[in-house]
Amino acid sequence: MTTRRTRPAPRPPEGTPPRAELARQARAVLADAVRIAHWAAGTPGPGTTAPLAAHALERAATALELSPAQVRAGWDRARLAGLVELHGDTARPGWRLRAWDRDDSAVLRGWVALFDAWSLVHAAPEGIEAGAVAEAVEAVPQVLSLLQLSAGSVTVPALLDLLSQRVAELQEERCEVPLGPGRTAPAASADQPATAGPARSADLNALLLDWALEGLAAVGALTLGQGHATLTPLGNWAVWVKLEQICVAAQSPAGNIEQSAADMLLGCARLTPGPARDEYRAWLAARTVGSAVAELLAVARGEDALLRGLAFEALRVVGGPAEPEVRAVLAEPSLRPYALLWLAEYEGNDPDDAQDVLSREEATWLWVDTAAAVADHGETGLLVRHLDSAVQGTVPALLDEVRAVGHPRTVQVLVALAAAHPDPALAKAVRRAAFQVHTGGA
């Protein structure tokens, strides 16, 4: 046995509103986007491509009594917040839109998605090269951290100084040397191209900072005053959450964050549920949601039944953002029972009652799969006790349905169960069933 110190659940900074109030504020920021998403999802053939087609823009403005500019901005926000999904030229409601009125977590995740995309909401100033814009976007997290740690307003000159320092660090990391007054770049030769970056003036940094602050204000993350900026409660909470994710990731056991999904799950197999969830969160915090979900589902499709179950436990930590991908694997027989249980719990069913969503065949398939995980990784006593969890109620009925369900590990599971069970008569019946499955007999 090893002991490990678990990190207590972090608490938001003092003065942070309750989640219900944060969700109310997020709904207010996205009110127009939600109205437009409902309109687009309920309008047959609206031609809702990106950007919004001109005739759809006019129809939406008329129907919703908004200006064309408001419709265009709301449409962009709806797409970025996951409120609508585009399939060809047809808009369909996203999972967040369906849960919008009842699920505060879905609302907050939608707003955070918009917050993360602030640089797409507010177009960058014209005439500035893409590299300079990208550096400013990369430096903004430090600006936000200063605003969050200050717990109040910060002057624009202080923010500009921090942005300029961070941009200089990024250029140095890329071996780019900004040119000072009176300096010229060395001439490039055919075999030695010039590597020095473009000059970065204080005026350019100031222009980019103004753009960033306006973009963050546009998504409701901060407010701008005369020469200063202040995070809104939503912005303060979002920055705190992201800082906490970094802290959780840093506290994971050495190397676990960098492991593949399969190795990470194996490393968590012996942990109790609480510490295991901490490890899943740390691993997830170091990756984008899309890549993490894809990697976990790839592991679930493998031959190791233990990893299949653990992969869906990790997906429970992901929560709502994994819902479309989990729903998409319902057509895969090996993943369907796990996906049905995941979706039932995600939709609010009690975990103890979630089994009711499985058909008899699906429950039997899951019983065999779980038995395979126990046989491969557990103790013989656990395999015997696993009999009690079967829905059939009697061993003869279980054996009949196990033979019919077609799980690829059926023979191995029955052989292992026969070897482990202390009742000779029952063990003999199980061995006979294993032989019949193996030979294809009735």
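Residues numbered from 1 in each chain as written. Predicted model: local features only at pLDDT ≥ 70, side-chain atom pairs only at ≥ 80, totals over all residues. Heavy atoms only, no water.

Structural notes on the overall build of the protein
Okay, so step 1: If you tally the helices and strands in the protein, you get 22 helices and 5 strands.
Okay, so step 2: Taking all 442 residues of the protein together, 41% fall into the buried category.
Okay, so step 3: Here the contacts in the protein between residues at least 6 apart in sequence split such that 64% fall between residues at least 24 apart. (Helix = DSSP H or I, 4+ residues; strand = E, 2+ residues; numbered from the N terminus. Buried < 20%, exposed > 50% of the residue type's maximum accessible area, 1.4 Å probe, protein only. Contact = heavy atoms within 4.5 Å.)

Things to note about the pattern of salt bridges
Okay, so step 1: Taken as a whole and assessed by the stated rule, the structure comprises 16 salt bridges.
Okay, so step 2: A salt bridge links Asp 104 to Arg 27, with the shortest nitrogen-to-oxygen separation between them at 3.1 Å. Placement of the pair is Asp 104 in helix H6 (residues 104-116) and Arg 27 in helix H1 (residues 19-29), with a sequence separation of 77 residues.
Okay, so step 3: Given a relative accessible area of 27%, Asp 104 falls into the partly exposed group.
Okay, so step 4: Given a relative accessible area of 21%, Arg 27 falls into the partly exposed group.
Okay, so step 5: Asp 376 is the salt-bridge partner of Arg 409, the closest N and O atoms lying 2.9 Å from each other. Taken together, the residues Arg 409 in the loop between helix H20 (395-405) and helix H21 (410-420) and Asp 376 in helix H18 (residues 360-377) connect sequence positions 33 residues apart.
Okay, so step 6: Taking relative accessible area as the criterion, Arg 409 reaches 19% and is therefore assigned buried.
Okay, so step 7: The network of salt bridges with shared partners includes Arg 98, Glu 323, Arg 327 and Glu 347. (Salt bridge = Lys/Arg side-chain N within 4 Å of Asp/Glu carboxyl O.)

Quick look at the packing of aromatic side chains
Okay, so step 1: Summed over the entire model, instances satisfying the criterion amount to 4 aromatic pairs.
Okay, so step 2: Between Trp 118 and Trp 211, the ring centres sit 4.9 Å apart and the planes meet at 50°, which makes this aromatic pair tilted. Of this pair, Trp 118 sits in helix H7 (residues 118-121) while Trp 211 sits in helix H10 (residues 202-218), and the two are 93 residues apart along the sequence.
Okay, so step 3: Seen from their ring centres, Trp 342 and Tyr 346 are 5.3 Å apart, and the 20° between their planes marks the pair as stacked. (Phe/Tyr/Trp six-rings, centres within 6.5 Å; stacked < 30°, edge-to-face > 60°.)

Overview of unusual backbone geometry
Okay, so step 1: One non-glycine residue, Glu 65, adopts positive backbone phi at about 55°.
Okay, so step 2: Counting through the fold element by element, Glu 65 comes out in the loop between helix H3 (54-64) and helix H4 (68-80).
Okay, so step 3: Located in the positive-phi region is Ala 151, a residue other than glycine, with phi close to 55°.
Okay, so step 4: By secondary structure assignment, the location of Ala 151 is in the loop between helix H8 (130-150) and strand E3 (154-155).

Remarks on the pairing of strand E4 (residues 222-225)
Okay, so step 1: Two elements, E4 and strand E5 (residues 228-231), share 4 bridges in a ladder whose sense is antiparallel. Paired with Leu 224 across the bridge in E5 is Ala 229.
Okay, so step 2: Remark: 2 residues form the turn of the hairpin made by E4 and E5, two consecutive strands paired antiparallel; Gly 227 in that turn has positive phi of roughly 80°. (Pairing = 2+ DSSP bridges.)

Side note on the sheet that holds E5
Okay, so step 1: Sheet architecture is open: 3 strands sit in the order E3-E5-E4, paired in antiparallel fashion. For this open sheet the edge positions go to E3 and E4, each flanked by a neighbour on one side alone.
Okay, so step 2: Looking at chain direction, E3 and E5 are connected through 2 bridges and run antiparallel. Across the sheet, the residue bridging to Thr 155 is His 228, located in E5.

A short note on the confidence of the model for the protein
Okay, so step 1: On average, residues of the protein score 80 in pLDDT, and 83% of them reach the 70 mark or higher.
Okay, so step 2: Segment residues 1-7: pLDDT under 50, and 10 contacts once partners within four positions in sequence are set aside and those in other chains are kept.
Okay, so step 3: Below a pLDDT of 50 lies the segment residues 177-199, which in the model reaches 19 contacts outside its immediate sequence neighbourhood of four places, other chains included. (pLDDT = per-residue confidence, 0-100.)

Some words on the environment of Asp 369
Okay, so step 1: For Asp 369, the position within the fold is in helix H18.
Okay, so step 2: Exposure remark for Asp 369: the relative accessible area of 0% places this residue in the buried category.
Okay, so step 3: Sequence spacing of Asp 369 and Pro 408 is 39 residues, and the spatial spacing of their C-alpha atoms is 9.1 Å.
Okay, so step 4: Leave out the neighbours within four places in its chain, and Asp 369 touches Ala 305, Arg 308, Tyr 338 and His 407.
Okay, so step 5: There is a polar contact of 2.9 Å between the side chain of Asp 369 and the side chain of Arg 308.
Okay, so step 6: A polar side-chain atom of Asp 369 sits 2.6 Å from a polar atom in the side chain of Tyr 338. (Polar contact = N/O pair within 3.5 Å; in protein donor to acceptor, adjacent residues only side chain to side chain.)

Considerations on the packing of helix H12 (residues 261-268) against helix H13 (residues 273-285)
Okay, so step 1: At a closest axis distance of 10 Å, the pairing of H12 and H13 adopts a crossing angle of 160°. Judged by the angle between their axes, H12 and H13 are roughly antiparallel. Relative to H13, H12 is oriented so that their crossing is right-handed. Only Ala 276, Glu 279, Tyr 280 and Trp 283 of H13 make contact with H12, whose side of the interface consists of Ala 261, Met 264, Leu 265 and Cys 268.
Okay, so step 2: Residue composition of the contact of H12 with H13, by class: 7 nonpolar, no polar and 1 charged. (Axes fitted to C-alpha atoms, helices over the stretch in contact; angles between N-to-C directions. Parallel < 35°, antiparallel > 145°, perpendicular 65-115°, else oblique. Left-handed = near helix turned anticlockwise from the far one by under 90°. Nonpolar A, V, L, I, M, F, W, Y, C, P; charged D, E, K, R; others polar.)

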